[in-house]
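Notes for the structure review
Chain by chain, the residues:
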Amino acid sequence: PAALPPAPLGFTDVNLNSRNTYEVSRRRSAPEHLPHGGGGTAPAAPAPPPQEPPERARHRLGIAGAGSSFAEFFTRNFFTKRTKELKPAVQSAPGWKLFGKVPPRENLPKDSKIIQQEYEARTGRMYKPPAPSARRKNIEFEPLSTTALILEDRPANLPAKSVEEALRHRQEYDEMVAEAKKREIKEAHKRKKIMRERFKQEENIASAMVIWVNEILPNWEGMRATRRVRELWWQGLPPSVRGKVWSLAVGNELNITPELYEIFLSRAKERWKSFSETSSENDTEDAGASVADREASLELIKLDISRTFPSLYIFQKGGPYHDLLHSVLGAYTCYRPDVGYVQGMSFIAAVLILNLEEADAFIAFANLLNKPCQLAFFRVDHSMMLKYFAAFEVFFEENLPKLFLHFKSYSLTPDIYLIDWIFTLYSKSLPLDLACRVWDVFCRDGEEFLFRTGLGILRLYEDILLQMDFIHIAQFLTKLPEDITSEKLFSCIAAIQMQNSNKKWAQVFASLMKDNKEGDKNHSPAPKN
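Going by what an unreviewed UniProt entry lists, the chain is known as TBC12 protein and is assigned to Mionectes macconnelli.

Have a look at this one:
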């Protein structure tokens, strides 16, 4: 017979009409079929076995027919479950396994009772299975994988375990089981504690919602400043009334109506349409510069929207709130061209959109950004920003003197970490649910609470920050830990006293503004005659 060429690397061609597939695999894996002598000639191929009908071959391979998909061929017979009734297997030629040659299966598979009888006849011993309660008594944890093997005796062809080794294995096993049970009990207690806290929180929210809906909101002006309402406010607003309370607390000093929002939105859409068209021809250089600035602002909006709460996947392109956020920001740039769009606005607008309807979100957004602190930051009024930073440092030194000196030693100024916090109202730096709770009290107390929250964050991580240098402090405060909880943060915020020499935040800030005006007068040039 002709010599077979060397087998190339790759997939074996499967032919359903023959058994050559198994013959080829057997020839490749069988060691005694390889020639002992030197030379590169391949061994002679044995005579092919008799052909088998295609139907039987398909049945033996587990293939339904020629119409079956190719994927079924590879997935059907992998890890199949053993059925209770064993079907007679078709007699096949000798094959190869990992530990040696498997003889032909001449007889049908034996039943377990027949195997047990043959074993008893050969050894002369009666096999008595252990009682179910005898093994692993009083052990609820059932070991996985090979853990239980240390409890089993070794096979007869291997040396038996010594008494010391068996005892040691038993002790190791008991220790592993005890440790696993401790870990499982600890995790179960932790889960129960979390569930209890969650149920308690849901009950508190439900009861608070009833109070807000039935008592506080109908009598808003008369009850908003009462002690009871302020305490409920500090605990966090129920999500169902949060947007309504925010709108009432922020107010509408600008007297914006939903109709006015639609006007500025249509104006923004016209501008987008004109920018999408070719606008290369401009009458003057000033007009060209104005168009370029507006285009840059709109491009910045698109870029910022894609980076707003990226983990939520709702504000990115194709998300349910993408167009809504784009509309609110675009309408604001038309409403306040003196402010325009500044990075960080997208986070504030996104939080409002999650809690309010579109027009109400725009009204709250425009009024919120019209507050003195937000207007100073978004207009990048450096003199006003420096006053806020100076006021912050007064209370920083009062509440955290050790950390204040540590920051001073590295010349680490508040603008390095406060700008990002104030620009986004902590919605980028803190988890969203915690940021919303900060917003709750910010709507109650005003700008003072924004700086009090910053001091609370510094107090929470004071011990860690005292061990860091300039670069690590800046990096840490830019990206706060994600596991920060509202209970820990608000307990630290409550410990911050916004009072210095019997002066509150508003008085300290007013005195700084007064000193600045007097300084400007002293440095102003004398009038000419």
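Still more ground to cover, so stick around.
With that settled, the discussion passes to the overall build of the chain. The secondary structure content of the chain amounts to 23 helices and four strands. Evaluated residue by residue, the chain yields a buried proportion of 32% over its 529 residues. Long-range contacts, defined here as pairs at least 24 residues apart, represent 68% of the contacts in the chain between residues at least 6 apart. Taken as a whole, the chain presents about 35,200 Å² of accessible surface, with 55% of it coming from carbon and sulfur.

Time to look at the pattern of salt bridges. As enumerated under the stated definition, the model contains twelve salt bridges in all. Arginine 228 serves as the salt-bridge partner of glutamate 215, at 2.9 Å between the closest nitrogen and oxygen. You can see glutamate 215 sitting in helix α5 (residues 163-216) and its partner arginine 228 sitting in helix α7 (residues 227-234), a full 13 residues away along the chain. Judged by its relative accessible area of 42%, arginine 228 falls in the partly exposed class. Overlapping salt bridges bring together Arg230, Arg444 and Asp445 as one network.

There is a patch of nonpolar side chains on the surface, built from Tyr410, Ile416, Phe470 and Ile471 and spanning about 330 Å² of accessible area. Topologically, phenylalanine 470 is positioned in helix α21 (residues 470-478).

Time to look at helix α12 (residues 345-355). Of all eleven residues in α12, nine are buried, a share of seventy percent or more. For α12, the set of buried residues is Met345, Ser346, Phe347, Ile348, Ala349, Ala350, Val351, Leu352 and Ile353.

Our next topic: the environment of asparagine 255. Within the secondary structure, asparagine 255 sits in the loop between α8 (239-250) and α9 (258-276). For asparagine 255, a relative accessible area of 59% puts it in the exposed group. In this structure the C-alpha to C-alpha distance between asparagine 255 and asparagine 367, which are 112 residues apart in sequence, comes to 9.0 Å.

Glancing now at the packing of aromatic side chains. Applying the stated criterion across every chain yields a total of 31 aromatic pairs. Here tyrosine 261 and phenylalanine 362 contribute two aromatic rings whose centre-to-centre distance is 4.8 Å and whose plane-to-plane angle is 40°, an arrangement assigned as tilted. With tyrosine 261 in helix α9 and phenylalanine 362 in helix α13 (residues 358-368), the pair connects residues that are 101 residues apart, well separated along the chain. With respect to class, tyrosine 261 is no different from phenylalanine 362; both count as buried. Arranged with centres 5.0 Å apart and planes meeting at 90°, the rings of phenylalanine 378 and phenylalanine 423 form a pair that is edge-to-face. One end of the pair, phenylalanine 378, is in helix α14 (residues 372-378); the other, phenylalanine 423, is in helix α17 (residues 415-423), with 45 residues separating them in the sequence.

Moving on to the side chain of threonine 453. Examined against the element boundaries, threonine 453 turns out to sit in helix α19 (residues 447-460). Not counting chain neighbours up to four residues away, the residues in contact with threonine 453 comprise Tyr426, Val438 and Ile493.

With that settled, the discussion passes to α7. When we look at burial in α7, the residues that qualify are Val229, Leu232 and Trp233. Looking straight down α7, one finds that the buried residues subtend no more than 105° of arc, so they occupy a single side. As for α7, its buried residues are in contact with α5, α6 (220-223), α8 and α18 (432-445). Just past α7, the residue glycine 236 takes up positive phi, approximately 110°.

Turning next to unusual backbone geometry. Even without being glycine, phenylalanine 309 reaches a positive phi, approximately 45°. Looking at the secondary structure, you find phenylalanine 309 in the loop between α10 (285-306) and α11 (322-335). Of the residues examined, phenylalanine 309 reaches a relative accessible area of 8% and is grouped as buried. The phi angle at asparagine 502 is positive, at roughly 60°, despite the residue not being glycine. Within the fold, asparagine 502 resides in the loop between β3 (499-500) and β4 (503-504). Judged by its relative accessible area of 68%, asparagine 502 is exposed.

This next bit is on the packing of α11 against α12. In the contact formed by α11 and α12, the axes pass within 10 Å of each other and the chain directions differ by 120°. Considering the angle they form, α11 stands oblique to α12. Like other packed secondary-structure pairs, α11 and α12 cross with a definite hand, here right-handed. Contact residues: Leu324, Leu325, Val328, Leu329 and Tyr332 in α11; Met345, Ser346, Ala349, Ala350 and Ile353 in α12. In terms of residue class, the contact of α11 with α12 is built from nine nonpolar, one polar and no charged.

As a further point, take the packing of α8 against α12. Interaxial distance between α8 and α12 falls to 8 Å at its minimum, and their mutual angle equals 125°. In this view, α8 runs oblique relative to α12, as classed from their interaxial angle. The residues of α12 that touch α8, namely those facing Arg242, Gly243 and Trp246, are Val351, Leu352 and Asn355. Among the residues making up the contact of α8 with α12, the classes are represented as three nonpolar, two polar and one charged.

A few words now on the confidence of the model for the chain. Averaged over all residues, the pLDDT of the chain is 77; the fraction at 70 or higher stands at 64%. Mean pLDDT values over the elements of the chain span from 42, in strand β1 (residues 95-97), up to 97, in α13. This stretch, residues 57-102, has a pLDDT under 50; its non-local contacts, to residues over four places away or in other chains, come to 42 contacts. For the stretch residues 132-144, pLDDT sits under 50, and the model shows 15 contacts to residues farther than four places along the chain or on other chains.

Another point: the side chain of histidine 326. Mapped onto the elements of the fold, histidine 326 is located in helix α11. The exposure class of histidine 326 is buried, given its relative accessible area of 13%. If sequence neighbours within four positions are ignored, histidine 326 has contacts with Trp272, Ile301, Lys302 and Ile305.

Parameters and conventions
Residues numbered from 1 in each chain as written. Predicted model: local features only at pLDDT ≥ 70, side-chain atom pairs only at ≥ 80, totals over all residues. Heavy atoms only, no water. Helix = DSSP H or I, 4+ residues; strand = E, 2+ residues; numbered from the N terminus. Buried < 20%, exposed > 50% of the residue type's maximum accessible area, 1.4 Å probe, protein only. Contact = heavy atoms within 4.5 Å. Areas by Shrake-Rupley, 256 points an atom, 1.4 Å probe, with all protein chains shown as cover. Salt bridge = Lys/Arg side-chain N within 4 Å of Asp/Glu carboxyl O. Patch = residues over 30% accessible without salt bridge, like charges linked within 9 Å, V, L, I, M, F, W, Y side chains within 5 Å. Phe/Tyr/Trp six-rings, centres within 6.5 Å; stacked < 30°, edge-to-face > 60°. Arc of directions from axis to C-beta. Axes fitted to C-alpha atoms, helices over the stretch in contact; angles between N-to-C directions. Parallel < 35°, antiparallel > 145°, perpendicular 65-115°, else oblique. Left-handed = near helix turned anticlockwise from the far one by under 90°. Nonpolar A, V, L, I, M, F, W, Y, C, P; charged D, E, K, R; others polar. pLDDT = per-residue confidence, 0-100.

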